[in-house]
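Architecture and fold: a report
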Amino acid sequence: MGRAMLLQRWLGPTLLSAGHRSAGGRKQTPFTPKLKHVSLFRSPSSRHGMAEEAKKLAGYAAVDNHVQSHSMLPNSPCPPTAIKLEPLLPLLHLSGQFFVRHRGFYSLLAVSNNQVVGVGSGSTIVYAVDRLAERVRQEKLNIVCVPTSFQARQLILQHGLTLSDLDRHPELDVAIDGADEVDAALTLIKGGGGCLTQEKIVAGCAKHFIVIADFRKDSSVLGQQWKKGVPIEVIPMAYVPVSRTIAKRFGGEAVLRMAVSKAGPVVTDNSNFILDWKFEHTHNWKEVNIAIKMIPGVVETGLFVGMAERVYFGMEDGNVGVRDPPVN
């Protein structure tokens, strides 16, 4: 996983970090970026079930690391108590209080109450919103949520969270979203659910863009795991010339995405069509992203280049992998 680091499991209300001591009085050594295996839940019987539990773990880790109450700020005179993850307890070998954390927990990403959160779209974000709503209820947090799609808007409303938009909150503290694939450089393919344009707008308005995914989305290069291509949102009248231009200039094939439960193509929340560009080889994604966006009729691409600040991967063995951008 490159610079991947695994989250440590912390038990009880005692903060076990450099400068603090465990209940037994022995000083703990700071966490170092080495792979360790700490099982957080029992292995489910199917790969699908394992992926769903991995999504939940990644979503909970992201929310707990990037949405903090005042009592959990870095300079707080008292160490924070552990957070209860009660919905996960049936999956765990543990009992009592615990929370999942990374040594960057007290970094610049640890933000306070009264923040604006961008809520992504897709199946993984459901678990993050579950955890966010739980935190808001338990800790009386004042959180405002900006959705990236109709689905995200419904999630926010269903959980009783405060709904807003970019008109009222054009600058977000953090945006949390999923991904269809993540490469070693944290370049993402997004848009499998058709929400790429609004997702990219919201992510671009956030001070910090955090991604959550399960182990199936982790790749060394784009296209290794995700075989459905790069989604590209286009103006309906332009889908044929755009698809021809992409195939001619970059190779591969750009196919109009067809709907499953309706006749005709998929229509986005912005009333546009989606082309799925099935590329043949690895490209310079930054250059390709810019070039495709310059084609008349293209609204946005599903390539998120240089945007993600951190990715949390829920792993098969119950760990949470953390990947930061490579150091150049």
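Below you will find a few notes about this structure. (Residues numbered from 1 in each chain as written. Predicted model: local features only at pLDDT ≥ 70, side-chain atom pairs only at ≥ 80, totals over all residues. Heavy atoms only, no water.)

**Points about the overall build of the chain**
For the chain, the count of helices and strands is six helices and 17 strands. Long-range pairs, those at least 24 residues apart, make up 76% of the contacts in the chain between residues at least 6 apart in sequence. Of the roughly 14,900 Å² of accessible surface on the chain, 54% is carried by carbon and sulfur atoms. (Helix = DSSP H or I, 4+ residues; strand = E, 2+ residues; numbered from the N terminus. Contact = heavy atoms within 4.5 Å. Areas by Shrake-Rupley, 256 points an atom, 1.4 Å probe, with all protein chains shown as cover.)

**Some points on the packing of helix H1 (residues 47–66) against helix H2 (residues 125–139)**
Contact geometry for H1 and H2: axes closest at 7 Å, N-to-C directions at 45°. In this view, H1 runs oblique relative to H2, as classed from their interaxial angle. In the packing of H1 onto H2, the handedness of the crossing is right-handed. Contacts between H1 and H2 involve Glu52, Lys55, Lys56, Gly59, Tyr60, Val63 and Asp64 from the former and Tyr127, Ala128, Asp130, Arg131, Leu132, Glu134 and Arg135 from the latter. Taken together, the residues that form the contact of H1 with H2 break down as five nonpolar, one polar and eight charged. (Axes fitted to C-alpha atoms, helices over the stretch in contact; angles between N-to-C directions. Parallel < 35°, antiparallel > 145°, perpendicular 65-115°, else oblique. Left-handed = near helix turned anticlockwise from the far one by under 90°. Nonpolar A, V, L, I, M, F, W, Y, C, P; charged D, E, K, R; others polar.)

**Here we look at the environment of Ala206**
Take Ala206: it is sitting in strand S10 (residues 206–214). Its relative accessible area of 15% is what places Ala206 among the buried residues. (Buried < 20%, exposed > 50% of the residue type's maximum accessible area, 1.4 Å probe, protein only.)

**Section: empty space enclosed by the protein**
Going through the model one piece at a time under the given rule, you end up with two cavities of 30 Å³ or more. Its volume calculated, the largest cavity comes out at about 60 Å³. Around the largest cavity sit Val63, Val67, Val117, Gly118, Val119, Ile125, Ala128, Val129, Leu132 and Ile176, which together line it. At four residues, the largest contribution of residues to the lining of the largest cavity is made by H2. (1 Å grid on protein atoms, 1.4 Å probe; cavity = no way out; pocket = protein on both sides within 12 Å on 5 of 7 lines; lining within 4 Å. Points joined across faces, edges and corners; volume = space filled by probe spheres on them.)

**Details of the sheet that holds strand S8 (residues 181–182)**
An order of S8-S9-S15 is seen for the three strands of this open sheet, with the pairing classed as antiparallel. Edge positions in the sheet fall to S8 and strand S15 (303–304), since each has one partner strand and no second. Where strand S9 (residues 188–189) and S15 come together, two bridges link them in antiparallel fashion. Counterpart to Ile189 in the pairing with S15 is Leu303. (Pairing = 2+ DSSP bridges.)

**Remarks on helix H3 (residues 150–158)**
Owing to its 3.6 residues per turn, the α-helix brings residues three or four apart onto one side. Regarding H3, the residues found buried are Ala152, Leu155 and Ile156. Mapping the buried residues of H3 onto a view down its axis gives an arc of 100°, with all of them on the same face. H3 presents Phe150 and Gln158 as exposed residues on the side facing more than 90 degrees away from its buried surface. Residues of H3 that are buried in the fold lie against strand S4 (115–119), H2, strand S5 (143–147) and strand S6 (162–163). (Arc of directions from axis to C-beta.)

**What about H1?**
Helix length check: H1 (20 residues) gives 28 Å between terminal C-alpha atoms against 28 Å at 1.5 Å per residue, within 8%. Taken across its 20 residues, H1 has 18 buried, putting it largely inside the fold. (Expected span 1.5 Å × (residues − 1).)

**Side note on the packing of helix H5 (residues 239–250) against helix H6 (residues 285–293)**
One way to put it is that H5 packs onto H6 with a least axis distance of 11 Å and a crossing angle of 145°. H6 is crossed by H5, and the crossing has right-handed handedness. Taking contact as the criterion, the partners of Ile246, Arg249 and Phe250 in H5 are, on H6, Val288, Ala291 and Ile292.

Purely spatial values, then, with no claim about function.
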